[in-house]
Amino acid sequence: MMFCYLLANEVATGLIFNFPRYLHYMIIDFRSDTVTKPTEGMLTAMASAKVGDDVFGEDPSINELESLAASMFGMEAAIFCPSGTMTNQIGIKCHTQPGDEIICDESSHVYQYEGGGIAFNSGSSVKLLHGDRGRITADQVKASINPDDPHRARTSMVSLENTSNRGGGSCYEFAEMKKIGEVCREHKLAFHLDGARVWNAIVANNESTKEYGGLFDSISICLSKGLGCPVGSLLLGSKDFIKKARRIRKVFGGGMRQAGYLAAAGIYALQNNIERLQQDHDHAKQIEAVLRQKEFVGTILPVETNIVIFEVKDKYTPASFVARLKEEGILSYAISPTQVRMVVHLDIDATMIEKTIETIHQL
Ligand SMILES: Cc1ncc(COP(=O)(O)O)c(C=O)c1O
């Protein structure tokens, strides 16, 4: 009976007709670095976490994670939230008043991919700058600050993204961020970093977390991207800022209770998964190298970290290329009518990279 059920199930899913391929089946998922599953070490840390009610400030694991993250960046305080969208949006809400204006690059996650949250949550408008692969300059920022005129929105904040997701994992030169910081101080603008992938920038450029902490008023860092946690982001800032953020998190519905199980994954990731990001960057370079050999690949954005964005042309469209790779168990993402994105992460090992390179070679 059980055998009949399994057989029917196999036929229904089409696997039995692809039996030889099924035998070698391994899904290699390059769609995003958010797809990772916790490793055994991380799961063990989670299972043995000490927890309490975090809305009462009584979860020891969350308290430990918040102090650890804040101290790594030399910042006074931190708050644990369910997502990077929430940490960015809380940051923006804390720094602005309705009717204010935020300066950021046109491809920024805070503007493009947070559901219009800047308008919805903060009632603020946005001045979008055309940067270089997601990176804006101090001169651009300076030229975009509105004059103190009742007709104009009050410019109150600058938000950078490092690395830039749509910029193909591009990294800011630290010196340029410093210059933007000076403009912010001169004009009394809050300076926020969407550091969803700041660890990739730090590892790629051998930067210091403390320098970041000294530069920005608020930093959002994600644990559920390159660091491999199932959930979680932190917003870092001064004590007063985080006190305000705690109130806004409650209003946004982000106050969690025994979420120390998730914080334990975060502590584990901060202690174990940062240095290994260099491997992801090396793997991304290997993918870039094979793509360079293919005539159907156009411009490839310079690969600086773990993201590879490239144009697909001639015999493939992005959609047909993604579909062709999927037949081989390799998942990628058509991010525009002309481009495909592949993101390398903790769950992609050297064997998977080899298989991907071999497959692309044969296309
Ligand atoms: C640059 C950047 N910022 C913020 C986020 C938001 O993170 P979350 O998906 O946890 O809301 C993402 C998500 O991919 C991102 O790429």
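Remember, predicted model here, so these are calculated numbers, not experimental data.

Thresholds, definitions, all that
Residues numbered from 1 in each chain as written. Predicted model: local features only at pLDDT ≥ 70, side-chain atom pairs only at ≥ 80, totals over all residues. Heavy atoms only, no water. Pairing = 2+ DSSP bridges. Helix = DSSP H or I, 4+ residues; strand = E, 2+ residues; numbered from the N terminus. Phe/Tyr/Trp six-rings, centres within 6.5 Å; stacked < 30°, edge-to-face > 60°. Buried < 20%, exposed > 50% of the residue type's maximum accessible area, 1.4 Å probe, protein only. Near = heavy atom within 4 Å. Polar contact = N/O pair within 3.5 Å; in protein donor to acceptor, adjacent residues only side chain to side chain. Areas by Shrake-Rupley, 256 points an atom, 1.4 Å probe, with all protein chains shown as cover. 1 Å grid on protein atoms, 1.4 Å probe; cavity = no way out; pocket = protein on both sides within 12 Å on 5 of 7 lines; lining within 4 Å. Sits in = over half its atoms within 2 Å of the grid points. Nonpolar A, V, L, I, M, F, W, Y, C, P; charged D, E, K, R; others polar. Axes fitted to C-alpha atoms, helices over the stretch in contact; angles between N-to-C directions. Contact = heavy atoms within 4.5 Å. Salt bridge = Lys/Arg side-chain N within 4 Å of Asp/Glu carboxyl O.

Student: Please explain the sheet that holds strand β10 (residues 307-312) as it appears in this structure.
Tutor: Whenever strands of a sheet pair, they do so through backbone hydrogen bonds, lying parallel or antiparallel. Reading across from one edge, β9-β10-β13-β12 is the order of the four strands in this open sheet, with antiparallel pairing throughout. On the outer flanks of this sheet lie β9 (297-300) and β12 (333-334), each paired with one strand and no other. Sheet topology note: the β12/strand β13 (residues 339-343) ladder contains two bridges and is antiparallel. Its bridge partner being in β13, Tyr333 is matched across the sheet by Arg341.

Student: Is there a simple way to explain the packing of aromatic side chains in this structure?
Tutor: The description of an aromatic ring pair uses the distance of the two centres, along with the angle that the planes make with each other. Within the structure shown, the criterion is met by eight aromatic pairs. Aromatic side chains Phe296 and Phe321 sit 5.7 Å apart centroid to centroid with 45 degrees between the ring planes, which places their arrangement in the tilted category. Here the residue Phe296 occupies a position in the loop between α14 (277-292) and β9, and Phe321 occupies one in helix α15 (residues 318-327), the gap between them amounting to 25 residues. As far as burial versus exposure is concerned, Phe296 and Phe321 are alike and both buried. Among the aromatic residues, those joined into a ring-pair cluster are Phe174, Phe191, Tyr212 and Phe216.

Student: Looking at this structure, how should I read the site of the ligand?
Tutor: Lining the immediate environment of the ligand, one finds Ser83, Gly84, Thr85, Asn88, His109, Glu114, Glu161, Asn165, Asp194, Ala196, Arg197 and Lys225. Side-chain polar atom of Thr85 to an oxygen atom of the ligand: 2.6 Å apart, as the coordinates give it. Contact distances for the ligand include 2.8 Å between an oxygen atom and a side-chain N or O atom of Arg197. Compared with its free state, where it exposes 390 Å², the ligand has 84% of that area covered by protein. Under a 2 Å grid-point criterion requiring more than half of the atoms, the pocket assigned to the ligand is the largest pocket. For the shell around the ligand, the element with the most residues is helix α5 (residues 84-95), which contributes three residues. When its residues are assigned to classes, the shell around the ligand shows one nonpolar, six polar and five charged.

Student: It is not clear to me how the sheet that holds strand β4 (residues 125-129) should be interpreted in this structure. Could you clarify?
Tutor: If you walk across this open sheet you meet the seven strands as β2-β8-β7-β6-β5-β3-β4, and the pairing is mixed. This sheet does not close on itself; its edge strands, each paired only once, are β2 (77-81) and β4. Adjacent strand axes in the sheet meet at a mean angle of 20 degrees, parallel and antiparallel pairs treated alike. One ladder, built from four bridges, connects strand β6 (residues 190-195) with strand β7 (residues 218-222); its direction is parallel. Bridge pairing in β7 links His192 to Ser218. Against the sheet, helix α4 (residues 60-72) engages β2, β7 and β8 (233-237), with an angle of about 130 degrees to β2. Each of β5 (154-161) and β6 is contacted by helix α9 (residues 174-186), which is oriented at about 145 degrees to β6, the strand it contacts most.

Student: I keep staring at the pattern of salt bridges and nothing clicks. Help me out?
Tutor: Proximity of charged atoms lets side chains of opposite charge pair with each other. If you walk through the whole model with that rule in mind, you get 17 salt bridges. Two residues, Asp100 and Arg154, come together in a salt bridge whose shortest N-O distance is 2.9 Å. Residue Asp100 is found in strand β3 (residues 100-105), and its partner Arg154 is found in strand β5; the two are separated by 54 residues along the sequence. Residue class for Asp100 comes out buried when judged on its relative accessible area of 3%. Notably, a salt bridge pairs Glu327 with Arg324, separated by 3.2 Å at the nearest N-O pair. With Glu327 and Arg324 both in helix α15, this residue pair falls three residues apart, about one helical turn. Take Glu327: its relative accessible area is 44%, and that puts it in the partly exposed class. Among the charged side chains, a network of salt bridges with common partners joins Asp132, Arg133, Arg135 and Glu304.

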